[in-house]
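This is what each chain is made of:
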Amino acid sequence: CIYLNILNEVGEHMAENIVLVGMMGVGKTAVGRLLAEELAFDFVDLDAELEQVTGLKLPEIYRKYGQIRFYSEDKLLLGKQLGKSSQVFAADGALPPQAEHLRLWRQMGCVVWLQAEAETVFRRMRRKKNRLFLPKQASVETVQQMMAEREPLYAETADFAVNVDKWALEQVAAKILAFYRRRSC
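The following paragraphs examine the structure supplied in this document. Predicted model only: the values in this text are computed from it and were never measured.

Take the pattern of salt bridges next. Between side chains of opposite charge, a pair can form when the charged atoms approach closely. Under the criterion given, the structure shown has 5 salt bridges. Between R106 and D159 there is a salt bridge, and its shortest N-O distance comes to 2.6 Å. Note that R106 is positioned in helix α4 (residues 99-108) and D159 in the loop between α6 (140-157) and β7 (160-163), a separation of 53 residues in sequence.

In structure tokens:
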């Protein structure tokens, strides 16, 4: 969740940043933009930031330098976000998070896990040509396996979770805001 420098309805300080996590294709960017607008925060798409810093598209980073370098660049970028406030971050969802990602997300702010059914993630990933790490022959079962690997990590780290399949983007954002305003992360 977000660590804010404002007071919530009960007068407690809230987190200054919100960190949206989850599988690629769950809507972190779209929901993040809505939250940032509502809270008058800056929105930071960490995928876009990584592309800007490296001068390469995410698939190019991975193909050219491999998984170790990809993770390294990603964690370096996360570390540079520490200490910032009034931000909504959309975290990378391409690869399974490592322990260092989990630690950095928690340090960055309130962590919100956007969940979706495997069918939803598969449909959205297939629609986007630039989605990483989904083989052309992949199926819903492939996505289910990817999700099974990641879900325990997201569950361990998240302060709040919301299933995006059940609500419109605006409703998802409203649920996150309600949680955020009720409690500090």
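Let's shift gears to empty space enclosed by the protein. One pass over the structure, following the stated rule, counts 2 cavities of 30 Å³ or more. Its volume calculated, the largest cavity comes out at about 90 Å³. What lines the largest cavity is simply L46, F70, Y71, D74, L78, A91, D92, L95, P96, P97, H101 and W105. The element contributing the most residues to the lining of the largest cavity is helix α3 (residues 58-81), with 4 residues. The residue makeup of the lining of the largest cavity, split by class, is 9 nonpolar, 1 polar and 2 charged. Here the second largest cavity is characterised by a volume of approximately 40 Å³. What lines the second largest cavity is simply M23, V26, W113, L114, Q115, A116, M147, E151 and Y154. Counting residues per element, the ones that place at least two in the lining of the second largest cavity are β6 (110-115) and α6. For the lining of the second largest cavity, the per-class residue count stands at 7 nonpolar, 1 polar and 1 charged.

Now for the environment of K80. Mapped onto the elements, K80 comes out in helix α3. In this structure, the C-alpha to C-alpha distance between K80 and L104, residues 24 residues apart in sequence, is 9.9 Å.

Another aspect to go through is the packing of aromatic side chains. This structure, assessed with the given rule, holds 4 aromatic pairs. Geometrically, the ring pair formed by Y62 and F70 is edge-to-face, given 6.1 Å between the ring centres and 75° between the ring planes. On the basis of relative accessible area, Y62 is assigned to the partly exposed category, the value being 25%. One aromatic cluster is present, built from ring pairs that chain together W105, W113 and Y154. Directly above the aromatic system of Y65 lies the positively charged group of R69, at a separation of 4.3 Å from the ring centroid. One Lys or Arg, K175, reaches over the ring of W167 and ends 3.9 Å from the middle of that ring.

Here we come to the pairing of strand β5 (residues 87-90). Both faces of β5 are covered, namely the face carrying Q87 and F89 and the face carrying V88 and A90. Where strand β3 (residues 17-21) lies against β5, 4 bridges are found, and the strand directions are parallel. By the bridge assignment, V19 is partnered in β5 with F89. Inspection of the sheet shows strand β4 (residues 42-45) paired to β5 by 4 bridges, in the parallel sense. Paired with D45 across the bridge in β5 is A90.

Criteria and cut-off values
- Residues numbered from 1 in each chain as written.
- Predicted model: local features only at pLDDT ≥ 70, side-chain atom pairs only at ≥ 80, totals over all residues.
- Heavy atoms only, no water.
- Salt bridge = Lys/Arg side-chain N within 4 Å of Asp/Glu carboxyl O.
- Helix = DSSP H or I, 4+ residues; strand = E, 2+ residues; numbered from the N terminus.
- 1 Å grid on protein atoms, 1.4 Å probe; cavity = no way out; pocket = protein on both sides within 12 Å on 5 of 7 lines; lining within 4 Å.
- Points joined across faces, edges and corners; volume = space filled by probe spheres on them.
- Nonpolar A, V, L, I, M, F, W, Y, C, P; charged D, E, K, R; others polar.
- Phe/Tyr/Trp six-rings, centres within 6.5 Å; stacked < 30°, edge-to-face > 60°.
- Buried < 20%, exposed > 50% of the residue type's maximum accessible area, 1.4 Å probe, protein only.
- Lys NZ or Arg CZ within 6 Å of the ring centre and 35° of its normal.
- Pairing = 2+ DSSP bridges.

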